[in-house]
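Letter by letter, the chains look like this.
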Amino acid sequence: LFAIGLCVVMCVSLLAGCGGGKKSVMEKDTIIVGTNAEFPPFEYVDDAGEPDGFDIALIKAVADRMGKKVDVQNMEFDSLVSSIGSKIDLAIAGMTVTPEREQTVLFSNSYYTAVQYVILPKDSEIASYDDLKDKRIGVQMGTTGDFDASDVAGSTVSRYNKGVDAVNDLLNGRLDCVIIDKNPAEAFVSMHSDELTAVDGAQFGFEEEAYAIAMPKVDAELANAINEALDALKSDGTYDGLVQQYIGE
């Protein structure tokens, strides 16, 4: 009986000591990073067919500070959060910190502040939040723009895997507007400056939001390492250099 009891105590202690078998991503040499390369200038596919952009450059710099390599996986935005801890180790994709997402994942400190913009045809009379009521609104699925559009009374919300597909439907008259983050809005409008305009979401009452890196909720070791790396990149000027290179602000 003494031997059995000792064995039980040792097993329980071992389980407690290893957190129920959960290992930190910090134990890996290569971190699998999920993104959605349809959100310029934060992420897009470059001429070589590889994910690039501010977020991709930033996470590579973060990983380098941590002594890690990264394997970037391009996937649908709406599947990123649910894939953390299984298909991917973390996600960086212009992802806004929300209470709903915080129930599932742990976020790093914010690395960028953004606001929603409304893309409109140049001859549109939409100028306020009330004007969005009963309108056909295009959004990228699972984004803040999706959440904001869903709250508009009487709106018909069309959801797309790619923001550019929403913009194309706007150009073809199938939508009245598109709600998407400022930087991709400006990037899309720059390609169709004769037909479209981008309006600051503050005019529609949309609040500023914080982008952060999402990771497993229980991995405090990883979160601490990422936050320390972000602080170091901001202190040594690397972060500002990447902003200038990819965003131009």
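Residue positions within a chain follow its written sequence, with the count starting from 1. Local features in a predicted model are, by the rule used here, given only for residues with pLDDT of at least 70; side-chain atom pairs are given and counted only at 80 or more, and totals for whole chains, interfaces and linings are based on all residues. Note that water and hydrogens are dropped before the side-chain values are worked out from all heavy atoms of the structure.

*Asks:* I would appreciate a short explanation of helix α2 (residues 54-65) in the present structure.
*Replies:* In an α-helix, one turn spans 3.6 residues; hence positions three or four apart end up facing the same way. Helix and strand labels come from DSSP, where a helix needs a run of H or I of at least four residues and a strand needs a run of E of at least two; each type is numbered from the N terminus. Multiplying 1.5 Å by the residue count of a helix minus one yields the expected span of that helix. For α2, with 12 residues, the first-to-last C-alpha span of 17 Å sits near the 16 Å given by 1.5 Å per residue. For each residue, the accessible area found with a 1.4 Å probe, counting protein chains only, is set against the maximum for its type, and the residue is called buried under 20%, exposed over 50%, and partly exposed in between. Most of α2 sits out of view: nine of its 12 residues are buried. Looking only at α2, the buried set comprises F54, D55, I56, A57, L58, I59, A61, V62 and A63. At the exit of α2 stands G67, carrying a positive phi of roughly 75 degrees.

*Asks:* Explanation requested: the pairing of strand β8 (residues 116-121) in the structure shown.
*Replies:* Look at any regular strand and the pattern is simple: side chains alternate between the two faces of the sheet. Among the six residues that make up β8, five are buried, leaving the element largely enclosed by the rest of the structure. By this definition, two strands are paired if DSSP reports at least two bridges between them. In terms of strand pairing, β8 meets strand β11 (residues 177-181) through four bridges, oriented antiparallel. Paired with I119 across the two strands is V178, which belongs to β11.

*Asks:* Which parts of the structure should I look at to understand the packing of α2 against helix α9 (residues 238-246)?
*Replies:* Their axes nearest at 10 Å, the elements α2 and α9 cross at an angle of 160 degrees. Taken as axis vectors, α2 and α9 run roughly antiparallel relative to one another. Remark: the crossing between α2 and α9 carries right-handed chirality. In this structure, α2 contributes F54, A57 and L58 to the contact, and α9 contributes Y239, L242, V243 and Y246. Taken together, the residues of the contact of α2 with α9 break down into seven nonpolar, no polar and no charged. Throughout, an axis means a line fitted to C-alpha atoms (over the contacting stretch in the case of helices), and angles, computed between N-to-C directions, take values from 0 to 180 degrees. When an angle is under 35 degrees it counts as roughly parallel; over 145 it counts as roughly antiparallel; between 65 and 115 it counts as roughly perpendicular; any other value is oblique. By the definition used in this description, the sense in which the near helix is turned from the far one sets the handedness, with an anticlockwise turn below a right angle giving left-handed and a clockwise turn giving right-handed. When checking whether two residues touch, look at their non-hydrogen atoms; a contact exists if any pair is within 4.5 Å. Each residue receives one of three labels: charged for Asp, Glu, Lys and Arg, nonpolar for Ala, Val, Leu, Ile, Met, Phe, Trp, Tyr, Cys and Pro, and polar for the others, Gly being one of them.

*Asks:* Would you explain the pattern of salt bridges in this entry?
*Replies:* One speaks of a salt bridge when a side-chain nitrogen belonging to Lys or Arg is within 4 Å of a carboxyl oxygen belonging to Asp or Glu. Applying the stated criterion across every chain, the model contains seven salt bridges. A salt bridge links D146 to R159, with the shortest nitrogen-to-oxygen separation between them at 2.8 Å. Highlighted residues: D146 in helix α5 (residues 144-150) and R159 in strand β10 (residues 156-160), separated in sequence by 13 residues. Of the charged contacts in the structure, one is a salt bridge between D169 and R174, with a shortest N-O distance of 2.9 Å. For R174, a relative accessible area of 49% gives the class partly exposed.

*Asks:* Whenever I open this one, the packing of α2 against helix α8 (residues 220-235) confuses me. Can you help?
*Replies:* Each packed pair of helices is defined by two parameters, the angle between the axes and the distance between the axes. Contact geometry of α2 with α8 gives a least axis separation of 9 Å together with a crossing angle of 110 degrees. What the angle tells us is that α2 and α8 run roughly perpendicular. Residues L58, A61, V62 and R65 of α2 form the contact with α8, whose own contacting residues are I226, A229, L230, A232 and L233. A class-by-class count of the residues in the contact of α2 with α8 yields eight nonpolar, no polar and one charged.

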